[in-house]
Amino acid sequence: MAVRPLVADIYDVIVVGAGVVGCAVARKLTLEGARVIILEKGLDILDGASKANSALLHTGFDAPPGSIEQRCIADGYHEFLKIRQQLNLPLIDCGALVIAWNEDEHDKLESIIDKSHANGVTNTRIVSAREVSQMEPDICTGAIAAVQVPGESIIDPWNTPFAYLLQALSNGARAERNCEVTGGEFDGIHWVIDSSCGRVTGKCVINCAGLFGDELNNRLIDEPLFNIRPRKGQFVVYDKSAAKLIRSILLPVPGERTKGVVVCRTIFGNLLVGPTAEEQQSRVDVSVDKSILNQLTKRGEQIVPALSGHSVTATYAGIRPATDSKDYHINSKTDLHYISVGGIRSTGLSAALGIANLVFDHYSKLGEPLDPLDPPDRINWPQINSISEYDKRDWQCDDNGGIVCHCELVTQREIAAAMTGPLAVRSLDGLKRRTRVTMGRCQGFYCTARLCELTAGQFDRPLCVSSDT
Amino acid sequence: MIRPLNHIPDSCAVAIVGAGPSGLSAAIELKRLGVNDVHVIERESAAGGIPRHCGHPPFGMREFNRIYKGPTYAKKLVAQALANNVALHLDTTVVSLGRNGLLHLSSPHGSAELLAERVILCTGVRETPRSARLVSGQRPLGIVTTGALQSMVYLYDKRPFRMPVIVGSELVSFSALLTCRHAGIKPVSMIEANDRPTAWNLSRLLPLASGTQLRLNSSIQRILGRVRVEGVEVIDRNGTVSTESCDGIIFSGRFVPESTLARLSHLDVDPDSQGPVIDNFGRCSDPAYLAAGNLLRAVETAGWCWQEGRRVASTVHRSLEGQLPDSGEYIRVIANHPIIKYVLPQRLSINEGSMHSDTHPVQHHQLQLRVSSTAKGVLSIVSGERTILMKRINTLPERRILVNLPSSTRDMVDDTIRIDFNPS
Ligand SMILES: Cc1cc2nc3c(=O)[nH]c(=O)nc-3n(C[C@H](O)[C@H](O)[C@H](O)COP(=O)(O)OP(=O)(O)OC[C@H]3O[C@@H](n4cnc5c(N)ncnc54)[C@H](O)[C@@H]3O)c2cc1C
Ligand SMILES: Cc1cc2nc3c(=O)[nH]c(=O)nc-3n(C[C@H](O)[C@H](O)[C@H](O)COP(=O)(O)OP(=O)(O)OC[C@H]3O[C@@H](n4cnc5c(N)ncnc54)[C@H](O)[C@@H]3O)c2cc1C
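Residues numbered from 1 in each chain as written. Chains lettered and ligands numbered in written order. Predicted model: local features only at pLDDT ≥ 70, side-chain atom pairs only at ≥ 80, totals over all residues. Heavy atoms only, no water.

Caption draft 1: Representation of the overall build of chain A within the structure. Scanning chain A from terminus to terminus reveals 11 helices and 25 strands. Dimensions of chain A, computed from C-alpha atoms along their principal axes, come out at roughly 65 × 60 × 45 Å. Evaluated residue by residue, chain A yields a buried proportion of 61% over its 469 residues. Residue pairs at least 24 apart in sequence account for 73% of intrachain contacts in chain A once pairs closer than 6 positions are excluded. Put simply, chain A shows about 17,600 Å² of open surface, and 48% of that area lies on carbon and sulfur atoms. On chain A, the mean spot of the 48 positive side-chain charges and the mean spot of the 57 negative ones are 2 Å from each other. (Helix = DSSP H or I, 4+ residues; strand = E, 2+ residues; numbered from the N terminus. Buried < 20%, exposed > 50% of the residue type's maximum accessible area, 1.4 Å probe, protein only. Contact = heavy atoms within 4.5 Å. Areas by Shrake-Rupley, 256 points an atom, 1.4 Å probe, with all protein chains shown as cover. Lys, Arg positive; Asp, Glu negative; His and termini not counted. Charge placed at Lys NZ, Arg CZ, Asp CG, Glu CD.)

Caption draft 2: Spotlight on the site of ligand 2. Residues and elements named next belong to chain B. Taken together, 37 residues are adjacent to ligand 2, and S22, E42, I50, N294 and A302 come closest. Between ligand 2 and R43, the relevant distance is 3.2 Å, taken from a nitrogen atom to a main-chain nitrogen or oxygen of the residue. I50 has a polar backbone atom sitting 3.0 Å from an oxygen atom of ligand 2. Bound to the protein, ligand 2 loses 95% of the 980 Å² it would expose on its own. Breaking the shell around ligand 2 down by element, the ones donating at least two residues are helix 1 (21-32), strand 4 (93-98), strand 7 (125-127), helix 4 (146-156) and helix 8 (302-320). Along the lines of polarity and charge, the residues of the shell around ligand 2 split into 18 nonpolar, 14 polar and five charged. (Near = heavy atom within 4 Å. Polar contact = N/O pair within 3.5 Å; in protein donor to acceptor, adjacent residues only side chain to side chain. Nonpolar A, V, L, I, M, F, W, Y, C, P; charged D, E, K, R; others polar.)

Caption draft 3: Fine view of the pattern of salt bridges. Applying the stated rule across the entire model yields 35 salt bridges over all chains. Between A:R283 and A:D214 there is a salt bridge whose closest N-O contact spans 2.7 Å. Note that A:R283 is positioned in the loop between strand 19 (278-279) and helix 7 (290-303) and A:D214 in helix 6 (residues 213-221), a separation of 69 residues in sequence. A salt bridge links B:D279 to B:R283, with the nearest nitrogen and oxygen atoms 2.9 Å apart. The exposure class assigned to B:D279 is buried, which follows from its relative accessible area of 5%. (Salt bridge = Lys/Arg side-chain N within 4 Å of Asp/Glu carboxyl O.)

Caption draft 4: Looking closely at the site of ligand 1. All names here are of chain A. Around ligand 1, the surrounding shell holds 42 residues, and the nearest of these are E40, A49, S50, I344 and S350. Taking V20, its main chain carries an N or O atom lying 3.4 Å from an oxygen atom of ligand 1. In this structure, a nitrogen atom belonging to ligand 1 sits 3.1 Å away from a main-chain N or O atom of S54. Here the residues of the shell around ligand 1 are counted per class, giving 21 nonpolar, 14 polar and seven charged.

Caption draft 5: Broad picture of the environment of A:K41. Residue and element names in this part refer to chain A. Considering the arrangement of structural elements, one finds K41 in the loop between strand 3 (36-39) and strand 4 (56-57). K41 gets classed as partly exposed once you look at its relative accessible area, which sits at 39%. In this structure K41 touches N178, C179, E180 and F212, once residues within four positions along its chain are discounted.

Caption draft 6: Quick look at the interface of chain B and chain A. Each partner contributes residues to the interface: chain B has 49 residues there, and chain A has 51 residues. Summing the contributions of chain B and of chain A, the shared interface buries around 4,300 Å²; its carbon and sulfur component is 52%. Taken together, the links from chain B to chain A amount to one salt bridge. Across the pair A:D289 and B:R222 runs a salt bridge, and its minimum N-O distance is 3.2 Å. Counting every contact that joins chain B to chain A gives 14 residue pairs in polar contact (both at pLDDT 80 or more). Going through the elements one at a time, strand 4, strand 5 (102-107), strand 6 (110-121), strand 7, helix 4, strand 9 (158-159) and helix 7 (260-263) of chain B are the ones with two or more residues in the side of chain B that touches chain A. For the side of chain B that touches chain A, the element with the most residues is helix 4 of chain B, which contributes five residues. (Buried area = accessible area lost by both parts, 1.4 Å probe.)

Caption draft 7: A look at the environment of A:N218. Residues and elements named next belong to chain A. If you trace the backbone, N218 turns up in helix 6. Along the chain, N218 and H190 lie 28 residues apart, while their C-alpha atoms are 18 Å from each other. Not counting chain neighbours up to four residues away, the residues in contact with N218 comprise E223 and P224.

Caption draft 8: Local environment of empty space enclosed by the protein. Residues and elements named next belong to chain A. Applying the stated criterion across every chain yields a total of three cavities of 30 Å³ or more. Along its surface, the largest cavity is lined by D44, I45, L46, W158, N159, F162, R177, L423, V425, G430, R433 and R434. Put simply, the parts of the chain that give the lining of the largest cavity at least two residues each are helix 5 (159-170) and helix 10 (428-435). No other element matches the three residues that helix 10 contributes to the lining of the largest cavity. A per-class count over the lining of the largest cavity returns six nonpolar, two polar and four charged. (1 Å grid on protein atoms, 1.4 Å probe; cavity = no way out; pocket = protein on both sides within 12 Å on 5 of 7 lines; lining within 4 Å. Points joined across faces, edges and corners; volume = space filled by probe spheres on them.)

Caption draft 9: Representation of the packing of helix 1 of chain B against helix 8 of chain B within the structure. Residue and element names in this part refer to chain B. It is at 7 Å that the axes of helix 1 and helix 8 come closest, and there the two elements cross at 40°. It follows from the interaxial angle that helix 1 and helix 8 lie oblique. The crossing of helix 1 and helix 8 is right-handed. Packed against helix 1, whose contacting residues are P21, S22, S25, A26, E29 and L30, the element helix 8 presents A302, C305, W306, G309, R310, V312, A313, V316 and H317 at the interface. Of the residues contributing to the contact of helix 1 with helix 8, the split by class is nine nonpolar, four polar and two charged. (Axes fitted to C-alpha atoms, helices over the stretch in contact; angles between N-to-C directions. Parallel < 35°, antiparallel > 145°, perpendicular 65-115°, else oblique. Left-handed = near helix turned anticlockwise from the far one by under 90°.)

Caption draft 10: Seen up close, the nonpolar core. Counting residues in each nonpolar core, the largest one holds 87 residues, and the members touching the most others are A:L29, A:Y164, A:I206, A:V341 and A:I355. Within the second largest apolar cluster, 49 residues are counted, among which are A:L97, A:V273, A:V288 and A:Y338. (Core = buried A, V, L, I, M, F, W, Y, C linked by side-chain atoms within 4.5 Å.)

Caption draft 11: Expanded view of the packing of helix 4 of chain B against helix 5 (residues 171-182) of chain B. Residues and elements named next belong to chain B. One way to put it is that helix 4 packs onto helix 5 with a least axis distance of 10 Å and a crossing angle of 25°. Put simply, helix 4 runs roughly parallel to helix 5. Like other packed secondary-structure pairs, helix 4 and helix 5 cross with a definite hand, here left-handed. Contacts between helix 4 and helix 5 pair T146, L149, Q150, V153 and Y154 from the former with V172, S175, A176, L178, T179, C180 and H182 from the latter. Of the residues that constitute the contact of helix 4 with helix 5, the class distribution is seven nonpolar, five polar and no charged.

Next comes the structure, spelled out in structure tokens:
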């Protein structure tokens, strides 16, 4: 097969994978002055692990002290708070309650406090059952006590990484989607990467391939470095009418293996119950399972009894790129100008900016000096359109083109915006992540037909075709 | 900042939310009764509601003494509304409801507020989508509800698949079949959990002759396919699982009222009917609000909703004239047997006083209810220890049951009346 070069340029950095980690890494290196290209095999970005998570911005209060994960979460958390207004990223700083429902769990609360202090999260405290019920009058009465973690927050799981990548692009980076990296060679100076969209040359490769990180390592450096053990998490999303039932993020006391089922609001004004933790072989199968969903609704209704009067809006599942060991795998092969960022299993959304900083430290050791984008006023800060239920929305503004998706109040202007620009969406999934169309209670009953019309000719996989074809 | 929308005033006598059969008929009737300042707010770019995309008969018998297909029927209603000078505001969404009739609106021009003396909610029903049914599987393209399919086919001349399965066998499932036929789509089968189709009507079953298999005692166990639907796993009553190839799924029926506005507002919502709680005049828990049509419950025909719209218009008219009893005192109506799916209205206004005027004779209190499975036995309406009325029923699920109560609430000794059921 004839392979044509994608562009003649030689990039400083080739980032493989536009999950939240790749987006943050591309951003960081671009802002540090590197010429960056990011290659993503999906039709749209965030097509792997980052497509479905709980959307919590963790403080890292319960991460293993001394781990790379803890360091990246703490750093990522603070960095997020520092930059979020400049990018217009929404956040609900509602805090979390780690609730003990029995004596065993109660016994663990002190150690949770100790751990959080060791992790630098010093404003945690134990609250009594009475305080819990004052703070959360709609949760069931069985709580014995809880640890309050004021810093835990809720963010937008998709527009956050989108904003990272958009900022990279608006400062000179380039993104290619529908572009799978199939192999490559390092000749001592340059990497020549083969991809489904052509050949790309660069001085350094950063593997941010998430669920396929080990596979990509095999393809490029002939050793996996770690083994991905896909771990699925299913969720049930309740209607917006349920969001008023709770304020805080309700976390369980962690058991041996998992964080257990969380009940929290979403930035879009729904109420979320999940995730599960299920080992599976497939890295792509995000099936939900009726019996598990029923267990989740049952668990949700145990914690918040009034949930039984509210309807389920959506169900979904995500896959964590877990590995055999607990910590992240962030390694560089200095001689190969290669950095592998893998096993970012269940905290990557929170840690991404911290991971990016750490990756930059690794990069700095390669001895490829960069001209930073300096002074800072040379840096572009694109403001994204917040679709948080708690912010002003486009439907409240003039000339919005009218509401298309009635449940999520998505306007025609928002849809048009998502379908243009450097990261114009190419699939219904991409459009959903950017705008939330069809993700509300009717799941497309009212707007699918209109959406077919608005997206006609734009997607590789159309929602529908003309009746006469 | 809140700016006025095109032509929408800051305040009006009556605002109607939704221009389907119930909203339009309410508007037309209000005009006929001499109420002038009536504004209908509709979020779609065309009025007419669901019938706009039901490309089949029978619509219009009650309203026009003739049978039309849905789109023609919708056009007739809209024409009638316009002929009566009803103000129709299209592409305008009511986003939330405030106390005492304060509506928050959004249109292409931005947002606005409208304060109405009375608001009639007429937002209709929709179907239960795959997610709320908690069906297993991934989320491939090609999963729709009948309503979405009808809109694609009849409003945009598009189709999402060629050979889907239809889940359900309600009347609307047969509409799905007709819609498919119209678009050259060939459903492979119709999957029904019960041992008989919910809509038992032979003429409706005829389309099955065209090659669609009816699979009774079966339900969908899992959706197959990641990118597009590739098939479904069907499980029958004996637990046998088989795979059916298809490229799409139509989840039909299992209607739910589109009661979002009420749920997110201060209005009481009935967990049984899933619509707003109303009294016998159609008034919600805030009497500035009234409701009619399928928003009240799932699901009646367009003609029935049209009639409800008319009826609520006349009570709105009377309430504007101060002729309705206070809504604060009422008797609660509760279903006291699990087989009773819902009962309407949920409240009976205590009707002493100004209602007994000669011009507006007292209506009978009419209760509407449905049962969730086949029921044979006696319904009794009980107040305290007293049985007010007994009614023998022998009915299938999803059939309307009407019970006429005495017009006076004087016999109702308790602050609730219960609907009991004794099977026989
Ligand atoms: C159920 C669940 C709940 C979670 N909750 C939270 C939470 O509340 N808070 C939090 O911080 N984190 C949470 N997470 C974790 C977070 O979602 C992950 O840590 C994060 O998404 C990992 O991102 P990634 O970029 O490493 O991987 P991915 O998102 O998988 O990104 C890798 C990308 O690389 C692409 N790719 C792979 N191979 C190639 C190739 N050969 N060529 C080109 N492209 C390729 C993929 O298509 C993909 O887009 C949760 C995760 C799950 C599953
Ligand atoms: C898929 C489907 C098929 C059906 N087929 C038939 C059939 O064949 N025959 C039959 O008799 N009945 C059928 N029905 C029942 C149907 O509900 C009635 O025919 C009739 O449309 C009910 O009238 P309505 O006025 O209550 O509501 P609708 O006709 O649903 O009208 C409600 C209107 O309110 C508008 N609206 C909703 N929310 C807002 C808001 N927030 N702001 C502004 N506007 C809003 C909607 O856009 C809509 O136009 C079907 C229903 C469905 C869902």
